[in-house]
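# Results of the structural survey
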Amino acid sequence: IGFLRELNADPTVHGILVQLPLPKPLDARAVIEAIDPAKDVDGFHYHNVGALVVGDPAFYPCTPWGVMKMLEHEGIAVEGAHAVIVGRSTIVGKPMALMLINAGATVTVCHSKTRDLPEVVRRADIVVAALGKPRFVQGDWIREGAAVIDVGVNRVDGKIVGDVDFEQANGRAGVLTPVPGGVGLLTVA
């Protein structure tokens, strides 16, 4: 934490990113809270999370922010859309929900234990899959023409696959991000 204080005070350091998860016995929350919110480029400090909740400008988590930029770039109308997020993590799912709400979408946050999950997903105009289970979201869950953003990165038999069964969803979805080569590259950039 002392090193973070030094970085906070250093005017030549403009951003601090801590790679999570941290090894034990380090406390990730204490480390993140030790970062100056103005240098918290991951957007995980409570100050930045609070700003996201109320819709104020701040550093926001990069993966959901990148998804918002993808939707904007592709001309996908968010305002008034029904967005379903499959996954409730603090890194993607929850901030993604807040960003979509702030953009005027009606948002449903689901997870692997949501009752009748396929039916909930079928009602979505926008689906964001971010739960970390390979090919969990099946193609027949996707409404014809829906925008499907696959945030998942899973290793199966030496290959990287997403949380959406790409082959099944391709053709049903109006827009479908590939894994690898989609959101993952954007997050790294």
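Small disclaimer: the values here were computed from a predicted structure and weren't measured. (Residues numbered from 1 in each chain as written. Predicted model: local features only at pLDDT ≥ 70, side-chain atom pairs only at ≥ 80, totals over all residues. Heavy atoms only, no water.)

## Topic: the environment of Val 18
Looking at the secondary structure, you find Val 18 in the loop between helix H1 (2-9) and helix H2 (28-33). Judged by its relative accessible area of 15%, Val 18 is buried. Spatially, the C-alpha atom of Val 18 lies 21 Å from that of Val 67, the residues being 49 residues apart in sequence. Ignoring sequence-local partners within four residues, the contact set of Val 18 consists of Val 31, Ile 35 and Asp 42. (Helix = DSSP H or I, 4+ residues; strand = E, 2+ residues; numbered from the N terminus. Buried < 20%, exposed > 50% of the residue type's maximum accessible area, 1.4 Å probe, protein only. Contact = heavy atoms within 4.5 Å.)

## What about the pairing of strand S4 (residues 147-150)?
Residues Ala 147 and Ile 149 point to one face of S4 and Val 148 and Asp 150 to the other, with burial holding for every one of them. Bridge count for strand S3 (residues 126-129) against S4 is four bridges, and the pairing is parallel. Bridge pairing in S4 links Val 128 to Ile 149. As defined by bridge partners, S4 adjoins strand S7 (residues 175-176) across two bridges and the pair is classed as parallel. Each residue of the ladder has a partner; that of Val 148, found in S7, is Leu 176. (Pairing = 2+ DSSP bridges.)

## Section: the packing of aromatic side chains
One pass over the full model with this rule turns up two aromatic pairs. An angle of 90° between the planes, with centres 5.6 Å apart, marks the rings of Phe 136 and Trp 141 as edge-to-face. Residue class for Trp 141 comes out buried when judged on its relative accessible area of 11%. (Phe/Tyr/Trp six-rings, centres within 6.5 Å; stacked < 30°, edge-to-face > 60°.)

## Re a nonpolar patch on the surface
Where nonpolar side chains cluster on the molecular surface, the patch consists of Val 49, Val 53 and Val 54 and spans about 240 Å² of accessible area. In this structure, Val 53 sits in helix H3 (residues 46-54). (Patch = residues over 30% accessible without salt bridge, like charges linked within 9 Å, V, L, I, M, F, W, Y side chains within 5 Å. Areas by Shrake-Rupley, 256 points an atom, 1.4 Å probe, with all protein chains shown as cover. Salt bridge = Lys/Arg side-chain N within 4 Å of Asp/Glu carboxyl O.)

## Quick look at the nonpolar core
Val 67, Leu 71, Leu 100, Ile 126, Val 128 and Val 151 are the most contacted members of the largest nonpolar core, which has 23 residues in total. Breaking this core down by element, the ones donating at least two residues are helix H4 (62-73), strand S1 (82-86), helix H5 (93-102), S3 and S4. In this structure Val 151 touches Thr 63, Val 67, Val 92, Val 128, Ala 129, Ala 130 and Val 183, once residues within four positions along its chain are discounted. One finds Val 120, Val 121, Ala 146 and Ala 173 within the second-largest nonpolar core, a separate group that totals 18 residues. (Core = buried A, V, L, I, M, F, W, Y, C linked by side-chain atoms within 4.5 Å.)

## Here's the deal with unusual backbone geometry
Here Leu 20 and Pro 21 are connected by a cis peptide whose omega angle stands at 0°. Along the polypeptide, Pro 21 turns up in the loop between H1 and H2. Despite not being glycine, Asp 116 shows a phi value in the positive range, around 50°. Tracing the backbone through its elements, the reader meets Asp 116 in the loop between strand S2 (106-110) and helix H6 (117-122). Residue classification places Asp 116 among the exposed positions, given a relative accessible area of 53%. Positioned with a positive phi, Asp 157 is a non-glycine residue whose angle comes to about 50°.

## Points about a positive patch on the surface
On the surface, Arg 88, Lys 94, Lys 113 and Lys 133 cluster together to form a positively charged patch. Tracing the chain through its elements places Lys 133 in the loop between S3 and S4. The class of Lys 133 is partly exposed, set by a relative accessible area of 36%. (Lys, Arg positive; Asp, Glu negative; His and termini not counted. Charge placed at Lys NZ, Arg CZ, Asp CG, Glu CD.)

## As for the sheet that holds S3
Ordered in space as S2-S1-S3-S4-S7, the five strands form an open sheet in which the pairing is parallel. Looking along the sheet, the strands with just one partner apiece sit at the ends: S2 and S7. Bridging between S1 and S3 involves four bridges; their strand directions are parallel. The partner of Val 86 across the bridge, within S3, is Ala 129.

## Quick look at the pattern of salt bridges
Evaluation of the coordinates by the stated rule reveals four salt bridges. A salt bridge links Lys 69 to Glu 72, with the nearest nitrogen and oxygen atoms 3.5 Å apart. Of this pair, Lys 69 and Glu 72 both sit in helix H4, three residues apart, roughly one helical turn. On the basis of relative accessible area, Lys 69 is assigned to the partly exposed category, the value being 38%. The exposure class of Glu 72 is exposed, given its relative accessible area of 56%.

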